[in-house]
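Coordinate analysis (summary)
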Amino acid sequence: MSPPGETATQRDDDRVGNTTLRRDAEAVLMVVDQPVTEYDLARAFGVSVAAVTRTLVELSEEYSAQGRGFDLRQVAEGWRIYTRPECADVVERFLTEGHEVRLSQAALETMAVVAYRQPVSRGRVSAVRGVNCDGVMRTLVVRGMIEEAGQDPESGAALYRTTNYFLERLGLRSLDELPDLAPFLPDDIEGIDDTGEQTT
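Residues numbered from 1 in each chain as written. Predicted model: local features only at pLDDT ≥ 70, side-chain atom pairs only at ≥ 80, totals over all residues. Heavy atoms only, no water.

You'll find the protein chain entered in an unreviewed UniProt entry as Condensin subunit ScpB, with Haloactinospora alba given as the organism.

Below you can see the structure in the form of structure tokens.
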């Protein structure tokens, strides 16, 4: 039971100060397989969202300052621990040596076109890549990287966009954080219909 006159804020400050909240947050973040929100952590720990936010920011800054092999990032749907970008090459070599890469080069290229041109139809993606992408698009939908986003008002073709899971896997908070690659993709695809054929 809390001492008489003690406020929720004081309890938060005490808990943050004695590292209990930091410990608990780290324990949860090490085992979750998807981003977790500040609200969910606050509810689980019995403290305020503000206290959780302060703790997460402090942990993130601490990991960066110490040069850890991982960092704590806020992405589309919450907070999650990620491998630090500088370690990406060695981790990739370790995980893929002797194994097939999870997404093929064709899938990665197709996903990039969708990310930078969304919402976009399968026909237009195929036009940009120069090959039929129907099978690859279906694979990306099944894997949760892209999803349908309505229909083209002129052609009626299904349009596709990236998902929150796409942002999560790339460690991004929004599409605004994508590298500036769009200028390298062709703009002149307006004469292409949604089957990928040239129109007159």
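1. Things to note about the sheet that holds strand β4 (residues 146–151)
Here is the rule we go by: By definition, two strands form a pair when at least two bridges between them are found by DSSP. Helix numbers and strand numbers start at the N terminus; a helix is a DSSP run of H or I with at least 4 residues, a strand a run of E with at least 2.
What the 3 strands build is an open sheet, ordered β3-β5-β4; its pairing is antiparallel. In this open sheet, the two edge strands, each paired with only one partner strand, are β3 (120–121) and β4.

2. Section: the nonpolar core
To keep things clear, this is the line we draw: What is meant by a nonpolar core is a set of buried Ala, Val, Leu, Ile, Met, Phe, Trp, Tyr and Cys residues, joined one to another through side-chain atoms within 4.5 Å. In this scheme, a residue with accessible area under 20% of its type's maximum is buried, one over 50% is exposed, and one in between is partly exposed, where area comes from a 1.4 Å probe on protein chains only. Should any heavy atoms of two residues lie within 4.5 Å, those residues are considered in contact.
Judged by nonpolar contacts, the single largest core of 21 residues is most densely connected at V125, M137, L140 and F166. Of all the elements in the fold, those that place two or more residues in this core are α6 (105–117), α7 (122–129), α8 (134–142) and α9 (164–170). When residues of this core are assigned to their parent elements, the largest contribution, 6 residues, is made by α6. For V125, the contacting residues outside a window of four places in its chain are T110, V113, V114, V120, C133 and M137. Judged by nonpolar contacts, the second largest core, of 16 residues, contains L21, V36, A51 and L56.

3. As for the packing of α6 against α8
We apply this condition: Convention adopted: a line fitted to C-alpha atoms gives each axis, helices being fitted over their contacting stretch, and angles between N-to-C directions are expressed from 0 to 180 degrees. Every angle not falling under 35 degrees, over 145, or within 65 to 115 is termed oblique; those three ranges are roughly parallel, roughly antiparallel and roughly perpendicular. For this scheme, ten residues count as nonpolar: Ala, Val, Leu, Ile, Met, Phe, Trp, Tyr, Cys and Pro. Four count as charged, namely Asp, Glu, Lys and Arg, and the remainder, Gly too, count as polar.
Where α6 meets α8, the axes come as close as 10 Å, and the angle between the chain directions of the two elements is 80°. By the angle class used here, α6 and α8 are roughly perpendicular. Of α8, the residues touching α6 (which contributes A106, A107, T110, M111 and V114) are V136, M137 and L140. Here the residues of the contact of α6 with α8 are counted per class, giving 7 nonpolar, 1 polar and no charged.

4. Structural notes on the environment of R161
Among the structural elements, R161 can be located in strand β5 (residues 158–162). Those residues within four positions of R161 in sequence are excluded, and the remaining contacts are V114, Q118, M145, I146, E147, E148 and A149.

5. Section: helix α3 (residues 38–45)
Basically, it comes down to this: The arc in question is traced by the directions running from the helix axis to the C-beta atoms.
Listing the buried residues of α3 in full gives E38, L41, A42 and F45. Considered in projection along α3, the buried side chains sweep an arc of 100° and stay on one side of the axis. α3 presents Y39, R43 and A44 as exposed residues on the side facing more than 90 degrees away from its buried surface. Trailing α3 by a residue or two, G46 shows a phi angle of about 75°, which is positive.

6. Concerning the environment of A51
Secondary-structure assignment places A51 in helix α4 (residues 49–66). On the basis of relative accessibility, which here comes to 0%, the residue A51 falls in the buried class. On a C-alpha basis, the gap between A51 and L21 in space is 8.6 Å, while along the polypeptide they are 30 residues apart.

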